[in-house]
Amino acid sequence: MKKFTINKEEIPKGKNTTVQLNVGRLPSGTRIHIQVNVYRAEKDGSCMLVIGGIHGDEINGVETVRKACSEGYFDELETGSVIAIPLLNVYGFINFSREVPDGKDVNRSFPGSSAGSLSSKIARTITKEILPLVDFGVDFHTGGASRYNYPQIRYSTGDQNAAELAKVFNAPYCIAKSMISKSFRKVAHGMGIPIIVFEGGESLRLDGLSIQKGLEGLQNILDFKGLKKGNQTTYTSKFISKTSWLRATSAGVFKWTKSSGQWVEKDEKIGIINDPYGHFEYPIIAKKSGYIIGHNNAPVVNHGDALFHIGYEF
Ligand SMILES: [Zn+2]
């Protein structure tokens, strides 16, 4: 049995603790730490990683993991271990930004390097200290900019273990996506660790529905993997195989009349764009029947901006 060691600290079975990982220093000299909450049962079992805030402005994930920790979701595990990192990108969080201060994206910096940039150092710390202990994981994200994602799981195309986790998590939608180069999900996949990505809400805005669905999903996985008993669940996720964005055909002021989570019919009017002066109004027409899995909450849009993300093949 491999030793359960993080940052040279061995964490015995039956112990819950917090480990601080030093990932760098601000120009002011302030040290930046990642806080890692670790929960271990007395009995052997699998190890789940739960991670929020790889993108520092995607705070629904930070709040979901924080809530799971503070409300005792991982206390008194029956088997195995949970490693919970509520906030990975501390730099982005304090700057209200997706990236780290040098503009790099932590989720495009894996596996990382200890001699690299801030994002690369964060990635390296996770790859070296955390991933060797982990059997599977959930990575929490939101839509970028003002794009809202209806709660959904994304998993790697062709990864049966991840597809099973996606089903069990039981978010409203599940979408298979190809892996992005240098992403956390891809590097973990290469180490034999299936990671599912939960997307819910938009950046810099808390969304109650997404947080609730995220917490329910964690309970479903804890139960399914035998870490902690939960309620019996009927799996009702809709698996979607194709998605596309409906884009603005004019600049102007955008108002949606149908929103994420709703079904739309081909040729249905689902929003409008008008000018600010009262001269024109264009309808936005669905090109395909499907579910709205995400929409843009920005009121002022340019030609070509993404308006609705539609999932249309099942
Ligand atoms: Zn993200």
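Reading the values: rules and limits
Residues numbered from 1 in each chain as written. Predicted model: local features only at pLDDT ≥ 70, side-chain atom pairs only at ≥ 80, totals over all residues. Heavy atoms only, no water. Phe/Tyr/Trp six-rings, centres within 6.5 Å; stacked < 30°, edge-to-face > 60°. Helix = DSSP H or I, 4+ residues; strand = E, 2+ residues; numbered from the N terminus. Buried < 20%, exposed > 50% of the residue type's maximum accessible area, 1.4 Å probe, protein only. Salt bridge = Lys/Arg side-chain N within 4 Å of Asp/Glu carboxyl O. Expected span 1.5 Å × (residues − 1). Pairing = 2+ DSSP bridges.

Before going further, it helps to examine the packing of aromatic side chains. The relation between two aromatic rings is expressed through the spacing of the ring centres and the mutual angle of the planes. Per the stated rule, a full pass over the model turns up 11 aromatic pairs. Note on Y173 and Y291: the rings are 5.4 Å apart at their centroids and 45 degrees apart in plane angle, and the pair reads as tilted. Of this pair, Y173 sits in strand β9 (residues 173–177) while Y291 sits in strand β17 (residues 290–296), placing them 118 residues apart in sequence. Neither residue differs from the other here; Y173 and Y291 are each classed as buried. Seen from their ring centres, W263 and Y291 are 4.9 Å apart, and the 70 degrees between their planes marks the pair as edge-to-face. With W263 in strand β14 (residues 263–264) and Y291 in strand β17, this residue pair connects regions lying 28 residues apart in the sequence. Since its relative accessible area comes to 34%, W263 is described here as partly exposed.

On to the pattern of salt bridges. Side chains carrying opposite charge are able to pair once their charged atoms draw close together. For the structure shown, the criterion picks out 10 salt bridges. Residues D105 and R98 are paired through a salt bridge, measuring 3.4 Å at the closest nitrogen-oxygen approach. On the accessibility criterion, D105 (12% relative accessible area) is buried. Each of E58, R98 and D105 takes part in salt bridges that share partners, so that together they form one network.

Moving on: helix α3 (residues 118–130). Look at α3: 18 Å from first C-alpha to last across 13 residues, which is about the 18 Å you get at 1.5 Å a residue. Residues S119, S120, I122, A123, T125, I126, T127, E129 and I130 constitute the buried set of α3.

Pairing is antiparallel across the open sheet formed by 4 strands, whose spatial order is β16-β15-β13-β18. Each having just a single partner strand, β16 (281–285) and β18 (300–301) make up the two edges of the open sheet. The sheet contact formed by strand β15 (residues 269–274) and β16 spans 5 bridges and is antiparallel. Residue pairing for β16: G271 is matched across the bridge by I284.

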